[in-house]
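Working through the structure, step by step
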Amino acid sequence: MRNGYFITFEGGEGSGKSTQIALVRESLEQAGIPVCVTREPGGTELAEEIRGVLLEPRAEIVDVNTELLLIFAARAQHLAQCIRPALARGEWVLCDRFTDATYAYQHGGRGLDVSTIATLEQLVQAGFSPDMTLLFDAPIDITLQRMRNRGALDRFEREGRAFMEGVRATYLSRAQSEADRFRVIDATGSIEAVNAAVKEHLKRLVDRWRVS
Ligand code: TMP
């Protein structure tokens, strides 16, 4: 059986990626492609519990290494119990965030060394990475405005503008240095306009999958 593709959706808070994942799922399913939609941190019972621990605002300061280890603990579980089995069944895995988010948030936002993240990435993924990463990019003023309309904020959404600027800059620099894997999408347009760009990027993968 042919393996599915692993496609990740990245971007800052309020970039509209969740809406786009739902639309992509719908159009792939209509095309007869088996799809598994999942997210990070999370995607399995245990990893979702870790997500709860990570996102909950708390009085205690969370050490950045604690945060990083929890993220990769959830990722190891998610890979073993959800992502790899789904790909082996021939499903396309649409994942709301993956390791690029760790570089963006824990390096770009928190200032953690890239080499520390890379060490854990190697331990947990052993070279495994997405087939395609769609990066939904928008200026921070726009994403901040979208977040303000959302209600209660989690531990990451409470970080300020400088943190979010760092996240965005790291995402964009990774997209530049891994241009084959990344597709940067202007997330400031309407849902329909953004979806048209997403579909255009996925078209080649769909065509390749059909003839494989
Ligand atoms: P979400 O709000 O897009 O569901 O993502 C949950 C939060 O977790 C988001 O604020 C970003 C953060 N996060 C990290 O800090 N590092 C990571 O590696 C991942 C996957 C998410």
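Note: the structure precedes this text.
Now for a description of the structure that goes with this document. (Residues numbered from 1 in each chain as written. Predicted model: local features only at pLDDT ≥ 70, side-chain atom pairs only at ≥ 80, totals over all residues. Heavy atoms only, no water.)

**What to know about empty space enclosed by the protein**
To be explicit about the condition: The pocket and cavity definitions rest on a 1 Å grid over protein atoms only: a 1.4 Å probe that fits but cannot leave marks a cavity, an open set with protein on both sides within 12 Å along at least five of seven lines marks a pocket, and residues lining either have an atom within 4 Å of a point. Grid points are joined across faces, edges and corners, and a volume is the space filled by probe spheres set on the points. Helix and strand labels come from DSSP, where a helix needs a run of H or I of at least four residues and a strand needs a run of E of at least two; each type is numbered from the N terminus. All residues other than Ala, Val, Leu, Ile, Met, Phe, Trp, Tyr, Cys, Pro, Asp, Glu, Lys and Arg, Gly among them, are scored as polar; the first ten of these are nonpolar and the last four charged.
With the rule as written, the count across this model stands at one cavity of 30 Å³ or more. Roughly 110 Å³ of internal volume is contained in the largest cavity. In terms of lining residues, the largest cavity is bounded by 14 residues, among which G11, G12, I140, R168 and Y171 are the most central. For the lining of the largest cavity, the secondary structure elements donating two or more residues are strand 4 (132–137), helix 6 (140–148) and helix 7 (161–177). When residues of the lining of the largest cavity are assigned to their parent elements, the largest contribution, four residues, is made by helix 7. Residues that form the lining of the largest cavity fall into these classes: eight nonpolar, three polar and three charged.

**Some points on the layout of surface pockets**
Taken as a whole, the largest pocket holds about 500 Å³ of empty space. E13, K17, E40, R51 and R97 are, among the 26 residues lining the largest pocket, the residues nearest its centre. Where the lining of the largest pocket is concerned, the elements lending two or more residues are helix 1 (17–30), helix 2 (45–55), helix 3 (64–88) and helix 4 (99–109). It is helix 4 that provides the largest number of residues to the lining of the largest pocket, a total of four residues. Here the residues of the lining of the largest pocket sort into seven nonpolar, eight polar and eleven charged. In this model, the second largest pocket occupies a volume close to 170 Å³. As for the second largest pocket, its lining consists of D131, M132, D180, R183, E200, H201, R204, L205 and R208. It is helix 8 (residues 191–211) that provides the largest number of residues to the lining of the second largest pocket, a total of five residues.

**Observations concerning unusual backbone geometry**
Residues E40 and P41 are joined by a peptide bond in cis, for which omega reads -15°. Topologically, P41 is positioned in the loop between strand 2 (35–39) and helix 2. The phi torsion at R97 lies on the positive side, around 80°, for a residue other than glycine. As for its placement among the helices and strands, R97 is situated in the loop between strand 3 (92–96) and helix 4. Here A126, not a glycine, exhibits a phi torsion of approximately 45°, which is positive. Relative to the helices and strands, A126 resides in the loop between helix 5 (114–125) and strand 4.

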